[in-house]
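Reading the structure
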Amino acid sequence: TAGVDPVAMERAENKLRSRRQRVGLEFVGEVGGVGFGLEGAYNHMPRDDWDDIETIGKAHRFEALGGVSYTFPGGFTAMAEYLYNGRGDNDPGEFSLYEWFAYLEQELRYLSMHQLAVTMQLPISPAFTTVGLTGIFTPADAGFVLNPSLQFAWTQHMPIMVYCAVSWARDEDAEFAAPAP
């Protein structure tokens, strides 16, 4: 009979997780009312006995995220961030089918090597209702996604967010793969 052995799969998955070596640093602060943050992580995952396992990306990679934010009087907040993803690729044509599935299953957070993001949020009522707009740009494929959002938080621990996404890129293989208008 053919089938899947979940116990064996779990053992193999735990073995792989235990072999990962990762180190990271994070710095956050504020200067003159401008908040800033920088975080980085180096990931080392040896592959000497991985011949039978499909791998994603590079065995050794670096990720970094840096950003600034400012909240104006009245609550309007603006934030800008840059992401470097050492696991990513600068050529969207190089994204493999396996990487796309890993991205859809959220095993990969990003496909591109570089991303720029800008977010603006404005509280519009005392009931903690916030209107937001986020734009994310991937320079390698000139892809862009725009996310307008509306957040309701009538209680402290139960926010409800409604958002949509509008995206375009110059290439069908792009991370934000809707064709450009």
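Positions within a chain are numbered from 1, following the residues in the order the chain's sequence is written. Owing to the predicted nature of the model, reporting of local features is limited to residues with pLDDT of at least 70; listing and counting of side-chain atom pairs is limited to 80 or more, with chain, interface and lining totals taken over all residues. Side-chain metrics in this entry use all non-hydrogen atoms of the structure; hydrogen atoms and water are not considered.

Concerning the packing of aromatic side chains
What characterises a pair of aromatic rings is the spacing of the ring centres plus the angle enclosed by the ring planes. Which entries qualify depends on this criterion: Pairs were defined over the aromatic rings of Phe, Tyr and Trp, the Trp ring being its six-membered one, requiring ring centres within 6.5 Å. Orientation was assigned from the angle between planes: stacked under 30 degrees, edge-to-face over 60, tilted for the rest. Each residue is placed in one exposure class: buried if its accessible area under a 1.4 Å probe, protein chains only, is under 20% of its type's maximum, exposed if it is over 50%, and partly exposed if it falls in between.
By the definition in use, this model includes four aromatic pairs. Here Tyr 70 and Phe 72 contribute two aromatic rings whose centre-to-centre distance is 4.7 Å and whose plane-to-plane angle is 80 degrees, an arrangement assigned as edge-to-face. The partly exposed category is assigned to Tyr 70, whose relative accessible area is 30%. On the accessibility criterion, Phe 72 (38% relative accessible area) is partly exposed. Here Phe 72 and Phe 76 contribute two aromatic rings whose centre-to-centre distance is 5.6 Å and whose plane-to-plane angle is 35 degrees, an arrangement assigned as tilted. According to the relative accessible area criterion, Phe 76 is partly exposed, its value standing at 28%. An aromatic cluster is built from Tyr 70, Phe 72 and Phe 76, whose rings are joined through pairwise contacts.

Regarding the pairing of strand S3 (residues 60-71)
The condition is simple: Here, strands pair whenever DSSP counts at least two bridges between them. A run of DSSP states H or I qualifies as a helix once it reaches four residues; a run of E qualifies as a strand once it reaches two. Both are numbered from the N-terminal end.
In the sheet, strand S2 (residues 34-44) pairs with S3 via eleven bridges, with the strands oriented antiparallel. Across the sheet, the residue bridging to Phe 36 is Val 68, located in S3. In the sheet, S3 pairs with strand S4 (residues 77-85) via nine bridges, with the strands oriented antiparallel. Considered in S4, the bridge of Gly 67 is made with Glu 81.

Some words on the confidence of the model for the protein
Keep this limit in mind: pLDDT measures how confident the predictor is about each residue, on a scale from 0 to 100. We call two residues contacting when some pair of their heavy atoms lies within 4.5 Å.
Taken over all residues, the pLDDT of the protein has a mean of 76, while the share at 70 or more is 65%. Scored below 50 in pLDDT, residues 49-54 makes eight contacts in the model with residues more than four places away or belonging to other chains.

Looking at a nonpolar patch on the surface
Put simply, the rule reads: Patches here: salt-bridge-free residues with over 30% relative accessible area, like charges joined within 9 Å, nonpolar side chains (Val, Leu, Ile, Met, Phe, Trp, Tyr) joined within 5 Å. Working definition of accessibility: Shrake-Rupley area with a 1.4 Å probe, residue cover restricted to the visible protein chains. By convention in these notes, a salt bridge is any Lys or Arg side-chain nitrogen within 4 Å of a carboxyl oxygen on Asp or Glu.
Residues Val 31, Val 34, Phe 36, Val 68, Tyr 70 and Phe 72 make up a contiguous nonpolar surface patch of about 490 Å² in total accessible area. Secondary-structure elements contributing two or more residues to the nonpolar patch are S2 and S3.

Re the environment of Glu 26
Within the secondary structure, Glu 26 is located in strand S1 (residues 21-31). Through-space distance from the C-alpha of Glu 26 to that of Glu 39 is 4.1 Å; in sequence the pair is 13 residues apart. In contact with Glu 26, not counting residues within four places along its chain, are Leu 38 and Glu 39.

Considerations on the environment of Val 23
Turning to its location among the elements, Val 23 is positioned in strand S1. Judged by its relative accessible area of 56%, Val 23 is exposed. Linking Val 23 and Phe 62, residues 39 residues apart in sequence, is a C-alpha distance of 9.8 Å.

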